[in-house]
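Chains, contacts and geometry: an overview
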Amino acid sequence: MTASPTGMPAAASVVIVGTGVAGITAAESLRTNGFDGAIIVFGEEPHLPYRRTALSKGIVDGDLSDAGITLRPPAYWTDRGIDIVTSTRVVDVDPRARRVRLADESDVAYDALVLATGGRARRLPGATSALTSLRSRADVDRIRAALDEGPVVIVGGGLIGTEIAAAIASAGDGTRVSIVEAAPSLLSRVVPAVIADDLISLHREHGVHIHTSAQIASADAGGVTLADGTRLAGTVISAIGMEPEVALAESAGLALDRAGILVDDALRTSMSGIYAAGDVAARPHPLTGAPMRAEQWLTATEHGRLVAMTISTDLGSASSGTPAPRVPLAWTMQYGTNVQIVGWPAAGARVVLDADGSCTTARCFDEDRLVGAVCMGRGGPARQIRDEIEATLRPVGIGA
Ligand SMILES: Cc1cc2nc3c(=O)[nH]c(=O)nc-3n(C[C@H](O)[C@H](O)[C@H](O)COP(=O)(O)OP(=O)(O)OC[C@H]3O[C@@H](n4cnc5c(N)ncnc54)[C@H](O)[C@@H]3O)c2cc1C
């Protein structure tokens, strides 16, 4: 390979699997960093990259068409020389030959490969038929059609389940909505009880029927039966989380664990030349060091930027920018109320509440250390709290 004026090997090519936000941010950031080789992003979905977070919030009447949620127009990609190849599944990786194989059995060579394959909706154990879930645009029409058919039973009271419930209940057409949750409260893995209680009240005010501490005895397309014998009839939407899409990583022989593809702080996998980013990547948790997947839009975006910097470094070009923050920041929108979740609120046993009229903030402490917060309402201090927590973390570099 010869060196280009940017110092980057002239013939280097980067292949990215996944047209989600992690994959496309990696592609954009490589160009911004001065990478002038080929960038090809393969995605099995038929659409150009789109805003996945809009699916649950807009499931009833949001504009989820190309015009409504496509992230960038086609010319954006061609202008930057980024090849976005949709409707194309990558089926295998040969790490020795540094090639990926596509579903049509053609091979594409890479110098660096990014696995940004996200995940699939987790299947409800014991369900006797395939249940509807919401992960991609392909699921939207199915759910919308089901909404015309009467009651809806949402299994899972996490962020996506409650967002879907809020969207349906807000439509005000009288559809009966139930949420079934195994834990004693909704959103208990995500926000402190004091905020969860406020959100639960909002759901109840909008007529949502909430069944907590509820075990499912059986589920099928026509409803669920709880362990206490209660039958909830209706279209069942399963919202019990996601599983990382690790098929390619497995075939390549990468180190994995239950959390996903194991990566270091700079998003390198166990194999030279292969990186992972976004929902599929299990990066060391800044507080505990244990592998952790974030499942959050901003984290996936920041992974995209970080992996581009790491690849630039590894391919011999100076990388620009600063490493991405490691403190996650996610949000949810329910009944018009914005909730921002910073850091790891669940890791803090002590909660300090602060309300200033437009926003309620719950700061979460592990002993005296601030580890997370949830801001409910407008104009909260989420980003400032994120910086505060970030400042307490051990710095990491991305050097090769
Ligand atoms: C309904 C919904 C609502 C959400 N709302 C929020 C929110 O409000 N706030 C928030 O912070 N986060 C939210 N999230 C989470 C957020 O959307 C994800 O964290 C983010 O999209 C992850 O991006 P990603 O690029 O890692 O993966 P993904 O967006 O999952 O993209 C991965 C892509 O890779 C493709 N792919 C997989 N394998 C292959 C293969 N072998 N070949 C080709 N293509 C392949 C997949 O089809 C997919 O298009 C939401 C998620 C969902 C599903």
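Residues numbered from 1 in each chain as written. Predicted model: local features only at pLDDT ≥ 70, side-chain atom pairs only at ≥ 80, totals over all residues. Heavy atoms only, no water.

Examining the overall build of the protein
Heads up, the rule is: Helix and strand assignments follow DSSP, with helices taken as H or I runs no shorter than four residues and strands as E runs no shorter than two, numbered in order from the N terminus. It is over C-alpha atoms that the radius of gyration is taken, and the globule rule equals 2.2 Å times the number of residues to the power 0.38. Three labels apply to residues, based on accessible area from a 1.4 Å probe with only protein chains included: buried if under 20% of the type maximum, exposed if over 50%, partly exposed otherwise in between. Residue contacts follow a heavy-atom distance rule, with two residues in contact if any of their heavy atoms lie within 4.5 Å. Only the protein chains shown count as cover for residues, with accessible areas throughout obtained via the Shrake-Rupley method and a probe of 1.4 Å.
Secondary structure summary: the protein contains 10 helices and 27 strands in total. Its C-alpha atoms give the protein a radius of gyration of 22 Å, near enough to 21 Å, the size a compact globule of 400 residues would have. Relative to its 400 residues, the protein shows a buried fraction of 52%. Relative to all contacts within the protein whose residues are 6 or more apart in sequence, the contacts with residues 24 or more apart total 62%. Surface accessibility of the protein: about 17,200 Å² in total, with carbon and sulfur atoms responsible for 50%.

A word on the packing of aromatic side chains
The description of an aromatic ring pair uses the distance of the two centres, along with the angle that the planes make with each other. Formally: Centres within 6.5 Å make a pair out of two Phe, Tyr or Trp rings, where for Trp the six-membered ring is used; the pair is then stacked when the planes are under 30 degrees apart, edge-to-face when over 60, and tilted otherwise. Both a distance and an angle decide whether a charge sits over a ring: NZ of Lys or CZ of Arg must be within 6 Å of the ring centre and within 35 degrees of the ring normal.
The full count for this structure, using the stated rule, is one aromatic pair. Measuring from centroid to centroid gives 4.9 Å for Tyr 76 and Trp 77, while their planes differ by 85°, and the two rings are edge-to-face. Judged by relative accessible area, Trp 77 falls into the buried class, the value being 2%. Stacked on the ring of Tyr 76, the Lys or Arg Arg 80 has its end atom at 3.7 Å from the ring centre. Over the ring of Phe 365 we find Arg 350; its NZ or CZ atom is 4.7 Å from the centre of that ring.

A short note on the confidence of the model for the protein
Just so we agree on the cut-off: How sure the predictor is of each residue is captured by pLDDT, a score from 0 to 100.
Predicted confidence across the protein gives a mean pLDDT of 92, with 94% of residues reaching 70 or more. Residue range residues 1-8 is modelled with pLDDT below 50. Its contacts to residues more than four positions away, or to other chains, number 21 contacts.

With respect to the side chain of Gln 334
Worth spelling out the cut-off: By the criterion applied in these results, polar contacts are pairs of N or O atoms within 3.5 Å in which, for protein atoms, one can donate a hydrogen and the other can accept it, and in which residues neighboring in sequence qualify only through two side-chain atoms.
One can find Gln 334 in strand β23 (residues 329-334). Looking at Gln 334, the relative accessible area reads 0%, which means it is buried. One polar contact links Gln 334 to Thr 162, side chain to side chain, over a distance of 2.8 Å. Apart from the residues within four sequence positions on either side, Gln 334 is in contact with Leu 159, Thr 162, Glu 163, Ala 166, Leu 199, Leu 202 and His 203.

Regarding the pairing of strand β21 (residues 281-284)
Selection criterion: Between any two strands, at least two bridges found by DSSP are needed for them to pair.
Two strands pair when backbone bridges link them, and strand β19 (residues 260-262) and β21 are joined in this way by two bridges, in the parallel orientation. Along β21, the bridge assignment pairs Ile 261 with Ala 281. Bridge analysis of β21 against strand β22 (residues 291-292) gives two bridges, and the strand direction is antiparallel. From the neighbouring strand, Pro 284 faces β22, where its bridge partner is Pro 291. Counting the residues in the hairpin turn of β21 and β22 gives six residues, including Gly 289, whose phi is positive at 85°.

Section: the domain arrangement of the protein
Note the threshold: Either an automatic procedure or a domain database provided the assignment from which the domain bounds are taken. Here a salt bridge means any side-chain nitrogen of Lys or Arg lying within 4 Å of a carboxyl oxygen belonging to Asp or Glu. Residue classes follow a fixed rule: Ala, Val, Leu, Ile, Met, Phe, Trp, Tyr, Cys and Pro count as nonpolar, while Asp, Glu, Lys and Arg count as charged, and any other residue, Gly among them, counts as polar.
Along its sequence, the protein is carved into domain 1 (13-120 + 242-314), domain 2 (123-238) and domain 3 (336-391). Spacing between the C-alpha centres of domain 2 and domain 3 amounts to 27 Å. Taken together, the 10 residues of domain 2 in the interface contact 12 residues of domain 3. Summed over the shared surface of domain 2 and domain 3, the result is zero salt bridges. Here domain 2 is connected to domain 3 by zero residue pairs in polar contact (both at pLDDT 80 or more). Along the lines of polarity and charge, the residues of the side of domain 2 that touches domain 3 split into eight nonpolar, no polar and two charged.

Section: the side chain of Thr 235
Tracing the sequence through the fold places Thr 235 in strand β16 (residues 235-238). Beyond its immediate stretch of four places on either side in the chain, Thr 235 contacts Ala 146, Glu 149, Pro 151, Val 152, Val 153 and Ala 221.

Quick look at helix α7 (residues 193-205)
Heads up, the rule is: Expected span of a helix: the number of residues minus one, times 1.5 Å. As used here, the arc is the angular range of directions from the helix axis to the C-beta atoms.
Taking 1.5 Å of rise per residue, 13 residues should cover 18 Å, and α7 covers 18 Å from first to last C-alpha, within 8% of that figure. Of all the positions in α7, only Ile 195, Ala 196, Leu 199, Ile 200, Leu 202 and His 203 are classed as buried. Across the axial projection of α7, the buried residues extend over an arc of 155°, all falling on one side. Residues of α7 that are exposed and point more than 90 degrees away from the buried face comprise Ala 193 and Glu 205. Just downstream of α7 lies Gly 207, where phi reads positive at about 85°.

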